[in-house]
Amino acid sequence: MDRHYLSQSQAATEARQLRVHVMGMVQGVGFRPFVYKLAKKYDLTGSVANTGQGVEIYVSGSAAGTDKFLNKLETETPPLAKISQIQFTEVWQVEPVDDFTIVGSNDDNEAKTTLISPDTAVCDECVADIMSPGNRRFHYPFTNCTNCGPRMTIIRGIPYDRINTSMAGFPMCPSCLEEYRNPYDRRFHAQPNACRVCGPLLSWHDDKGEKITDRNEKCLKGCAEVLQKGAIVAMKGLGGFHLAVDAASDIAVQRLRDKKHRYAKPLAVMVGNLAAAERVCLLSDGERELLLSRERPIVLGIKKQSLLSEKLAPGIRELGIMLPYTPLHHLLFAMEQCPEVLVMTSGNLSGAPICTNNDDALQKLANIADYFLLHNRDIVTRVDDSVVRIVRGRLQTIRRSRGYAPTPLPVTGLNNSIIACGTEQKNTFCLSRDGQLFLSQHIGDLKGPENIDFFEESVAYMKAILGVSPKQVACDLHPDYLSSRYGESLALPCLKVQHHHAHAAAIMAEHNVSEGLAVIFDGTGMGGDGTVWGGEVLHVDGTHCKRVAHLAPLMLPGGDRATREIWRMGLALLAAGDLDIAEVTNLPSTLRDVPVESRLGIAQIIEKNINTPLSSSVGRLFDAVSSLLGIRQEVDFEGQAAMELEALAWSAHECDACTDVDDRYTATVILNEGEYLLDFRLLLHWILEDIKKGTPVAAIALSFHLWLVRSVNKIVLLFAKYHFTDNVLLGGGCFQNRMLLEFLADRLEENGFNVYSGEQVPVNDGGVSLGQAFIAARQSEKSD
């Protein structure tokens, strides 16, 4: 945090008047009440107001009092506040005042530079209120205070006042207004403050949208009862709708999957408390801390044997779990009939954004949900649940959204106003302002008109709320990405950034690293040579990036179809090993069930090089190995085969009796026509030998992971000497594989390297926009 002394008299005087500007996350976090109490404590007079730039304070009093005030202003901030800068100067007011007051916001015409607080989980004090029968907020599901509750999802504009939120339509009753005006009440100037007399209310509806009741207790009880009986309930939450079912019921979970057409992708669950979480997942101290944090993300934990349905995350080692983060959640779990664990998955049609509007949800989710639990507070901007985990004792963010967005990442010396548009899948966008990078909430896949509308609406919202008017745009090299097309349509100077370079730059920006070797493994990304990359070792130095090694290329028979029908990748890997895939005896037993006409068709297009683009993607190599091992031949979602392959590898690693892991799987790096390649031909030979010998599939899966770790380590050792670097950046979606990240990072650190990966910024494509913005800003600085 910077503290700027603009002009300060050095002489100690009996009286002093200061004008103080506080910038950062200081609106909607109880900062003005904090300032009020601080001024009263030190017998100071004056005022405090929200502005477009933060908070403006005038204080008058003794020199000793104002000094103590400034010190405490910096060191004893409210829990949700984050100060980035304090500026103060001595002034003399024309009209002296004899009290300290909170005054109306100063909605001036200057540029908006204040920060918007993310939505925050309900605090313990408010939970106590709603659970206390004598409290006037007993069982009221929209209880909040200055330390908790909705923020980003209800804010329409800055300054953060009730009139600029979706609470504007709920005038406070006399009791709430008294709290709001009482400087010693924790709801003092809490903008969403409300109660059952004056605030938002629940309503309970059937699948046709007909209202059953709007009485609070009956809504909660009715919801709990039907969940217990196996029904699917669409619940309006903080940043959108959830679809909820009993997580212990195979029938209910399968019914939800069938209706939502989400046949295998893991489903997250919510439990009522930490003790319930411990019963279904093995949790470390770091994971417990995340579950209880004010962000309340979905935390990926290792599954325990439990009574939960096996259909929640089939074939996968981890389960996404979260604790209640709104009063409504707490009240639902407090109902006697409520199941102990609930599936809480996004309330949307497959491939579409989550629903936020009541009418929209009633229409779109009518064929999925049996009942609807609604409320009448508008959601201004949709925000999905965040997903995180702990790896090697550090945070790894998989999806950065509720609770985290739009908190910025500070970057020294970054002063240009830029918009970076991100990628096609797992999209986020990024805006830069005054040395800060603002990564948006998770947008998701952009294909489909509703998704691109959500992207454009979110861009407009963030630009308005942050007061940003970009002067430059950055986007991906791929010309057909909808995000790239959007960027090019803005009529701004446009920088196209190579996909894997942007992955590396996101890590550099987060960890303030200026150069190093970047190992970027993912599913796909257009390379600088126009081919499909995805298994890259890059040397990055500032904005300069050079490809120094990569995975030997594999054909993608049928193009994008090979990402779904992964038996095509299995055949491609065999063909790359010079095996005639037209001859059935050359195939492992796992691929002999592929129809003859399909196999011969693939052999023909590979031979004639028809619709078989080359790819260095490690993600596709995971698919190919999964196919050879018979784990699966088609996938329902991106990364499914790789996740199942990893789960099997862990089962071998953790099995004391397993002695089948073969040390033959040594590093295979070759120099071919001036290029260093991770060569998979010996790997293929070893895998086929192990299949023939009957080696357990789990042991082969572990051996494959060890081969990849050893091969990357060998390449890094080679090029680190050449480039005189000790820094290694690990990025791309493949490093969501816990085994790959842990084993490789440990090996590199043993060899003396400084290892960095995405922590606050997603390691997958959700972090690419931040890397794009970082590169564009640094290049712009060079040209200035």
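Shown above is the structure to which this text applies.
Here's a quick rundown of the structure.

**A short note on the packing of helix α17 (residues 618–628) against helix α18 (residues 640–653)**
Move 1: Orientation of α17 relative to α18, taken along the N-to-C sense of each, is 65 degrees, at an axis distance of 8 Å. By crossing handedness, the relation of α17 to α18 is classed as left-handed. Two secondary-structure elements touch here, α17 through Phe622, Asp623, Val625 and Ser626 and α18 through Ala641, Ala642 and Leu645.
Move 2: Residues belonging to the contact of α17 with α18 are distributed by class as follows: 5 nonpolar, 1 polar and 1 charged.

**Description of the pattern of salt bridges**
Move 1: One pass over the structure, following the stated rule, counts 42 salt bridges.
Move 2: Between aspartate 207 and lysine 208 there is a salt bridge; the shortest N-O distance is 3.7 Å.
Move 3: The class of aspartate 207 is partly exposed, set by a relative accessible area of 29%.
Move 4: Assessed through its relative accessible area of 66%, lysine 208 is described here as exposed.
Move 5: For aspartate 480, the salt bridge goes to arginine 485, with nearest N and O atoms at 3.4 Å.
Move 6: What you see here is one network of salt bridges that share partners, running through Glu318, Arg389, Arg738 and Glu742.

**Quick look at the nonpolar core**
Move 1: Within the largest apolar cluster, 93 residues are counted, with the highest numbers of intra-cluster contacts made by Val22, Phe31, Ile57, Phe69 and Leu73.
Move 2: A per-element tally of this core places helix α11 (residues 449–466) first, with 8 residues.
Move 3: Ignoring anything within four residues of it in the chain, the contact list for isoleucine 57 reads Leu18, Arg19, Val20, Val22, Val35, Ser47, Val48, Phe69, Leu73 and Phe100.
Move 4: Core analysis: the second largest hydrophobic core is formed by 75 residues, Ile602, Val618, Trp707 and Ala745 among them.

**Structural notes on the packing of helix α20 (residues 697–723) against helix α21 (residues 738–750)**
Move 1: Packing of α20 against α21 brings their axes to within 10 Å, and their N-to-C directions diverge by 40 degrees. The orientation of α20 relative to α21 falls into the category oblique. Relative to α21, the crossing made by α20 is right-handed. Taking contact as the criterion, the partners of Leu702, His705, Leu706, Leu708, Val709, Arg710, Val712, Asn713 and Val716 in α20 are, on α21, Met739, Leu740, Phe743, Leu744, Arg747 and Leu748.
Move 2: Per-class residue counts for the contact of α20 with α21 are 11 nonpolar, 2 polar and 2 charged.

**Concerning the environment of tyrosine 180**
Move 1: Its place among the elements puts tyrosine 180 in helix α4 (residues 174–181).
Move 2: For tyrosine 180, a relative accessible area of 14% gives the class buried.
Move 3: Here the alpha-carbon distance between tyrosine 180 and leucine 688, two residues 508 residues apart in the chain, equals 71 Å.
Move 4: Each residue touching tyrosine 180, except ones within four places of it in the same chain, is listed here: Met172, Arg187, Phe188, His189, Ala190, Gln191 and Asn193.
Move 5: Engagement of the side chain of tyrosine 180 in a polar contact is seen with the side chain of glutamine 191, the distance being 3.1 Å.

**Points about the packing of aromatic side chains**
Move 1: Applying the stated criterion across every chain, the model contains 13 aromatic pairs.
Move 2: With centroids separated by 5.6 Å and ring planes inclined at 15 degrees, the aromatic side chains of phenylalanine 521 and phenylalanine 735 adopt a geometry described as stacked. On the criterion of sequence distance, the pair formed by phenylalanine 521 in strand β25 (residues 515–526) and phenylalanine 735 in the loop between β32 (727–731) and α21 is long-range, its members being 214 residues apart.
Move 3: For phenylalanine 521, a relative accessible area of 0% gives the class buried.
Move 4: For phenylalanine 735, a relative accessible area of 0% corresponds to the buried category.
Move 5: Grouped by ring-pair contacts, the aromatic residues Tyr36, Phe100 and Phe188 constitute a single cluster.
Move 6: Its end group placed over the ring of phenylalanine 454, arginine 382 keeps NZ or CZ at 4.8 Å from the ring centre.

Conventions and cut-offs
Along each chain, numbering runs from 1 in the same order as the chain's sequence is written. It should be noted that, the model being predicted, local features are given only for residues of pLDDT at least 70 and side-chain atom pairs only at 80 or more, the latter also being counted only at that level, while totals for whole chains, interfaces and linings use all residues. Side-chain descriptors were evaluated using all non-hydrogen atoms of the structure, hydrogens and water having been removed beforehand. A fitted line through C-alpha atoms represents every axis, and for helices the fit uses only the stretch in contact; the resulting angles, taken between N-to-C directions, go from 0 to 180 degrees. Numbered from the N terminus, helices here are DSSP runs of H or I no shorter than four residues, and strands are runs of E no shorter than two. We call a crossing left-handed when the near helix sits turned anticlockwise from the far one by less than a right angle, and right-handed when that turn is clockwise. Residue contacts are counted whenever heavy atoms from the two residues lie within 4.5 Å of one another. Ten residues, namely Ala, Val, Leu, Ile, Met, Phe, Trp, Tyr, Cys and Pro, are considered nonpolar, four, namely Asp, Glu, Lys and Arg, are considered charged, and the remaining ones, Gly among them, are considered polar. By convention in these notes, a salt bridge is any Lys or Arg side-chain nitrogen within 4 Å of a carboxyl oxygen on Asp or Glu. Under the scheme applied here, a residue whose accessible area is under 20% of the maximum for its type counts as buried, over 50% as exposed, and between as partly exposed, the area being computed with a 1.4 Å probe on protein chains only. Remark: nonpolar core denotes a set of buried residues (Ala, Val, Leu, Ile, Met, Phe, Trp, Tyr, Cys) joined through side-chain atoms within 4.5 Å. Each angle gets one of four labels, with under 35 degrees taken as roughly parallel, over 145 as roughly antiparallel, 65 to 115 as roughly perpendicular, and the rest as oblique. Polar contact is the term for a pair of N or O atoms within 3.5 Å; when the atoms are in protein, one must be able to donate a hydrogen and the other to accept it, and sequence-neighboring residues count only if both atoms are side-chain atoms. Between rings of Phe, Tyr and Trp, where Trp is taken as its six-membered ring, a pair exists when centres lie within 6.5 Å; planes separated by under 30 degrees are stacked, by over 60 edge-to-face, and by other angles tilted. The rule is short: NZ of Lys or CZ of Arg within 6 Å of the ring centre and within 35 degrees of the ring normal puts a charge over the ring.

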